[in-house]
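# Structural characterization, general
So you can see what is in the structure, the chains are spelled out below.
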Number of protein chains: 2
Amino acid sequence: MPPSRAMVFTSFMQTALSEARAAADRGEVPVGAVVVSPQGKVVAQAGNRTREGNDPTAHAEILAIRAACTHLGAERLTGCALYVTLEPCPMCAGAIAAARIGRLYYGAADPKSGGVAQGARVFAHPQCHHIPEVFDGIAERESAALLRDFFAQRRKT
Amino acid sequence: MPPSRAMVFTSFMQTALSEARAAADRGEVPVGAVVVSPQGKVVAQAGNRTREGNDPTAHAEILAIRAACTHLGAERLTGCALYVTLEPCPMCAGAIAAARIGRLYYGAADPKSGGVAQGARVFAHPQCHHIPEVFDGIAERESAALLRDFFAQRRKT
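Residues numbered from 1 in each chain as written. Chains lettered and ligands numbered in written order. Predicted model: local features only at pLDDT ≥ 70, side-chain atom pairs only at ≥ 80, totals over all residues. Heavy atoms only, no water.

Test applied: UniProt positions are given in the numbering used here, feature names are shortened, and annotations may be inferred rather than shown by experiment.
As recorded in an unreviewed UniProt entry, chain A goes by tRNA-specific adenosine deaminase and comes from Sulfitobacter undariae. The record in UniProt for chain A states the following under Catalytic activity (unreviewed entry): "adenosine(34) in tRNA + H2O + H(+) = inosine(34) in tRNA + NH4(+)". The UniProt entry for chain A carries this comment under Subunit (unreviewed entry): "Homodimer."

Structure below.
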């Protein structure tokens with residue numbers, strides 16, 4: 001029996017979650033992202049590395065997008081999907097639009113810093129020249145639990 | 001006579017404009033940016049390089065912020081100023097907030113793609129955790145003319 005679409009989504013989000021866990025192990029905020037080609041292959045995957053590289057732009061989404069563009073030798077990721085464990089911030093939402101990502105799947109909503117469904121709502125303005133299809137709540141509980149545990153642990157130390 | 005504040009602003013924006021001109025010479029959209037330390041020294045300067053590196057995130061502001069963070073060995077550019085020839089897009093406005101840039105000086109407004117004074121208005125939401133002081137219209141005419149000439153030339157070829 002071929003895998004169902006739901007199983008495929010889950011598999012890519014599990015890869016993003018493993019990147020988020022690896023980020024936590026490095027002391028980074030646990031967010032992970034995966035870029036998937038139109039053919040359904042993982043093109044790039046990354047977790048946050050803002051601290052490691054002293055780079056405030058090194059969110060998981062930005063790193064995955066940059067790596068995917070390098071891999072494909074293209075400035076645009078037309079038809080690609082991005083899986084990310086947390087709702088993107090305005091910076092990452094802007095990068096997703098600039099990269100012409102076709103579909104965005106994200107896990108937990110981010111009322112504190114999100115820029116897709118709240119706050120800046122980057123895709124909701126005429127100044128945004130590409131709007132991906134957005135699917136939220138994918139593996140939401142696992143993504144949120146990772147973040148909650150990470151910050152609870154940090155408050156203890 | 002020491003230079004006036006206005007003369008200093010002009011000097012930094014002229015450096016940003018020279019980066020924008022160099023970007024045009026490379027076939028990139030002519031936008032340039034400069035990061036200035038709290039002591040008034042240029043820490044980093046960059047022009048757009050999205051095409052050269054197949055990197056949709058390689059806007060002048062992102063490159064200048066990343067270079068300044070590397071130079072200073074810090075994830076935050078507290079107290080630094082960013083000079084950029086064009087109103088930042090939402091991606092770059094998000095990066096400016098994440099980097100804790102103290103003051104943002106920009107040239108031309110960008111009704112088409114801007115994310116500071118229009119559209120997403122990234123700094124105007126509670127999800128934005130750092131708001132720089134914003135000064136617009138610095139060397140506005142030169143910045144706008146550079147962009148206008150670049151796109152007029154491209155339409156001809």
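Read on, since the account is not over.
### Some details on helix α4 (residues 140–156) of chain B
Residue and element names in this part refer to chain B. Applicable threshold: Numbering of helices and strands starts at the N terminus; helices are DSSP runs of H or I of at least 4 residues and strands are runs of E of at least 2. Given the number of residues in a helix, its expected span is that number minus one, multiplied by 1.5 Å. Accessible area is worked out with a 1.4 Å probe on protein chains only. A residue is then buried under 20% of its type maximum, exposed over 50%, and partly exposed in between. Taking the helix axis as origin, the arc is that swept by the directions to the C-beta atoms.
Compared with an ideal rise of 1.5 Å per residue, which puts 17 residues at 24 Å, α4 spans 25 Å between its outermost C-alpha atoms and is within 8% of the ideal. Among the residues of α4, Ser-143, Leu-146, Leu-147 and Phe-150 are the ones counted as buried. All buried residues of α4 project into a common sector of 90° when viewed along the axis, lining one side. Those residues of α4 that are exposed and aimed more than 90 degrees away from the buried face are Arg-141, Arg-148, Arg-155 and Lys-156.

### Description of the nonpolar core
This is how the line gets drawn: For this analysis, a nonpolar core means a set of buried residues of the types Ala, Val, Leu, Ile, Met, Phe, Trp, Tyr and Cys, connected via side-chain atoms within 4.5 Å. Contacts between residues were defined by any pair of non-hydrogen atoms, one from each residue, lying within 4.5 Å.
Ranked by size, the top nonpolar core spans 70 residues in total, and within it A:Leu77, A:Leu82, A:Phe123, B:Leu77, B:Leu82 and B:Phe123 carry the most contacts. Once residues within four sequence positions are removed from consideration, B:Leu77 is found in contact with B:Val35, B:Ile65, B:Ala68, B:Cys69, B:Leu72, B:Ala99, B:Arg100, B:Ile101 and B:Gly102.

### With respect to the pairing of strand β2 (residues 42–47) of chain B
All names here are of chain B. Heads up, the condition is: One bridge is not enough; two strands pair if DSSP finds at least two bridges between them.
Relative to β2, strand β1 (residues 32–36) runs antiparallel, the two sharing five bridges. Residue Val-36 lies in a different strand from β2, and its bridge partner there is Val-42. In this antiparallel pair of consecutive strands, β1 and β2, the connection spans five residues, and Gly-40 shows a positive phi of 85°.

### Considerations on the relation of the copies chain A and chain B
Quick note on the threshold: Overlaid copies result from least-squares superposition on C-alpha atoms, with residues included only where pLDDT is at least 70 in both.
It takes a turn of 180° to lay chain A on chain B, together with a shift of 0.0 Å along the axis; the resulting RMSD is 0.0 Å. The superposition operator between the copies reduces to a two-fold rotation axis. Minimal C-alpha separation from the rotation axis in chain A is found for A:Met91, amounting to 1.8 Å. The fraction of interface residues of chain A whose copies in chain B are also interface residues reaches 100%, indicating that both copies meet through the same surface.

### Side note on the sheet that holds strand β2 (residues 42–47) of chain A
All names here are of chain A. The cut-off we apply is this: To get an axis, a line is fitted to the C-alpha atoms, and for a helix only the part in contact is used. The angle between two axes follows their N-to-C directions and goes from 0 to 180 degrees.
Here five strands make up an open sheet; going across it, the order is β2-β1-β3-β4-β5 and the pairing mixed. Each having just a single partner strand, β2 and β5 (133–135) make up the two edges of the open sheet. Taken pair by pair, the neighbouring strands of this sheet meet at an average axis angle of 15°, ignoring direction. In the packing of helix α4 (residues 140–156) onto the sheet, the strands contacted are β3 (81–86) and β4 (103–108), and the crossing angle to β4 comes to about 55°.

### Side note on the environment of B:Pro126
Structurally, B:Pro126 is set in the loop between β4 (103–108) and β5 (133–135). For B:Pro126 and B:Arg21, which are 105 residues apart along the polypeptide, the C-alpha to C-alpha distance reads 36 Å.

### Structural notes on the packing of aromatic side chains
Cut-off, in case you're wondering: Each Phe, Tyr or Trp ring, with Trp reduced to its six-membered ring, pairs with another whose centre is within 6.5 Å; inter-plane angles below 30 degrees give stacked pairs, above 60 give edge-to-face pairs, and intermediate values give tilted ones.
On inspection of all chains with the given rule, the structure shows eight aromatic pairs over all chains. For the ring pair A:Tyr105 and A:Phe135, a centre distance of 4.8 Å and an interplane angle of 15° mean the geometry is stacked. Residue A:Tyr105 is located in strand β4, and its partner A:Phe135 is located in strand β5; the two are separated by 30 residues in the primary sequence. Overall, the relative accessible area of 1% leaves A:Tyr105 in the buried class. When its relative accessible area of 31% is taken as the criterion, A:Phe135 is described as partly exposed. Taking 5.2 Å as the distance between ring centres and 80° as the angle between the ring planes, the aromatic pair formed by B:Phe150 and B:Phe151 counts as edge-to-face. By relative accessible area, which is 10% here, B:Phe150 ends up buried. A residue is classified by how much of its surface remains accessible, and B:Phe151, at 30% relative accessible area, is partly exposed.

### Side note on the side chain of A:Gln127
Note that A:Gln127 resides in the loop between β4 and β5. Ignoring anything within four residues of it in the chain, the contact list for A:Gln127 reads B:Pro111, B:Lys112, B:Ser113, B:Gly114, B:Gln118 and B:Gly119.

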